[in-house]
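# Fold and contact review
The lines below spell out each chain.
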Amino acid sequence: MSGDGVKDDVLEVNFDGLVGPTHNYAGLAHGNVASMRHGGLASSPREAALQGLAKMKSLMDAGYAQGVLPPQQRPDLGALRSLGFVGSNAEVLARAGREAPQLLRAVCSASSMWTANAATITPSPDAPDGRVHFTPANLQSSFHRYLEPETTGRVLAAIFRDERHFVHHAQLPATPAFSDEGAANHTRLCGEYGEAGVHLFVYGRQAFGGGREPQRYPARQTLEASQAIARQHGLSDAQAVFAQQHPDAIDAGVFHNDVIAVGNGPVLLYHEMAFLDEERTLDALRAKMASPLIPVRVPSEAISLEDAVLTYLFNSQLLSNPDGSMTLVVPGECQENEAVWRTIQDLLLAGYNPIGEVTVKDVKQSMRNGGGPACLRLRVVLSAAERQALNGRVLLNDALYADLVAWVERHYRDNLTPDDLADPQLADETLTALDELTRLLGIGNVYPFQLAT
């Protein structure tokens, strides 16, 4: 630890979600324009998983700390049975395919790949007890994601299990008043990762009245949920800023704040339509941060809301380098859009900010379902001791990467259509793959089928 109280051995680890074997385009997410646009198309689970792993590997090779999180058990046959479908697995799947195809698609969703929605994290430099705090998101806004939190909680508790370093809270009540979408609506800003930070919680509506709301698409995060998580984690008023997302942005398809803003260290890269009260949000951050805030504002004249949603520029990863500069990891769609690519060159790379490099990654399989590079990762700030305390084999290295690629190539299909989801063989293939994965990662039994007596 340095003389000013800043921990010197602290890193941000990006835990990316492995894309599951049932990755499909079901168009389930209302308000997610890309998801709705591609609903019903054939997908490639193998390509999706390999694209995600390639992104992880390239960032690991560039020197960034990279972890992996396993996918959920899908299809969720337990959910179908709870909704009245009875019989063998094959009978349940066949009946659901005939009578409720949208339900079948929902219980086969591979949406847990977007681990930015898995939980909200408070690192140890900010917590009163000096431990890392986790709250799984309840994701109650959509049925296919509402199915995730129980398994997510078990996975996080299995990996971050040392109680000397980690604390796990229950997800908030799954009601509209406490609708929580996890870290996709949360940004930690600080000078260095090891110093105390300020937490920016962005909400779409107030459950108990007050404020503007979007008219076209639902606001998925409530102020009350954000405040509850801050209380769970012991954050004081001086450590938290609560800002409302602009309703017009939500109505344009900005279903999470990480589709319109990304922060890292002292930098906040955002579109001018990100916050309902932009000036008040920036003033509150400046007043509470120990290090000067570096806002990087992208005006609508440079990039329209439509292009921001189309390319997911703000759903890029913003990563710190040892020399103090930052690298922006953007999806390939940014390079294909003239206005966005020009803005990256003129406003970002040539601007007065630490962003000195941009790298382009192909994550098209994820993008077609509405998730860019930032959706695919859960950011966890960890000290050396906390990294050492992790359970299992979850920090990426060359050997783990090779094993995961081989695992995907053994178990994943090249092509999957919505009609294939009723195939009982797909369910069997998935359980076999996940059972092998938990052994490969060394995290123990975390899936419902592994815990059944």
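The preceding data block contains the structure.
These lines cover the structure that appears in this document, whether it is placed above or below. Bear in mind that the values here come from a model prediction, so they are computed numbers and not experimental data.

## Concerning the environment of alanine 384
Position of alanine 384 relative to the elements: it lies in helix 15 (residues 384–388). Look at alanine 384 and you get partly exposed, because its relative accessible area is 32%. Considering only alpha carbons, one finds alanine 384 and leucine 11, 373 residues apart in sequence, at a separation of 7.9 Å.

## Considerations on the sheet that holds strand 4 (residues 132–136)
Strand order in this open sheet of three strands is 3-4-5, and the pairing throughout is mixed. In this open sheet, the two edge strands, each paired with only one partner strand, are strand 3 (119–122) and strand 5 (166–168). Across the sheet, the mean angle from the axis of one strand to that of its neighbour is 20°, orientation sign disregarded. The pairing of strand 4 with strand 5 spans three bridges and is parallel. In the strand pairing of strand 5, histidine 133 is matched with valine 167.

## Here we look at the side chain of asparagine 337
Structurally, the position occupied by asparagine 337 is in the loop between helix 12 (332–336) and helix 13 (338–349). In this structure the side chain of asparagine 337 is engaged in a polar contact, spanning 3.4 Å, whose partner is the side chain of aspartate 307. Aside from chain neighbours lying at most four places away, what touches asparagine 337 is Asp307, Leu310 and Thr311.

## Examining the state of the cysteines
Covalently bonding the sulfur atom of one cysteine to the sulfur atom of another cysteine gives a disulfide. Under the definition given, this model contains zero disulfides. With no disulfide of its own, cysteine 334 has cysteine 375 as its nearest cysteine by sulfur position, at a separation of 13 Å. The buried category is assigned to cysteine 334, whose relative accessible area is 0%.

Cut-offs and rules
Residues numbered from 1 in each chain as written. Predicted model: local features only at pLDDT ≥ 70, side-chain atom pairs only at ≥ 80, totals over all residues. Heavy atoms only, no water. Helix = DSSP H or I, 4+ residues; strand = E, 2+ residues; numbered from the N terminus. Buried < 20%, exposed > 50% of the residue type's maximum accessible area, 1.4 Å probe, protein only. Pairing = 2+ DSSP bridges. Axes fitted to C-alpha atoms, helices over the stretch in contact; angles between N-to-C directions. Polar contact = N/O pair within 3.5 Å; in protein donor to acceptor, adjacent residues only side chain to side chain. Contact = heavy atoms within 4.5 Å. Disulfide = S-S within 2.5 Å.

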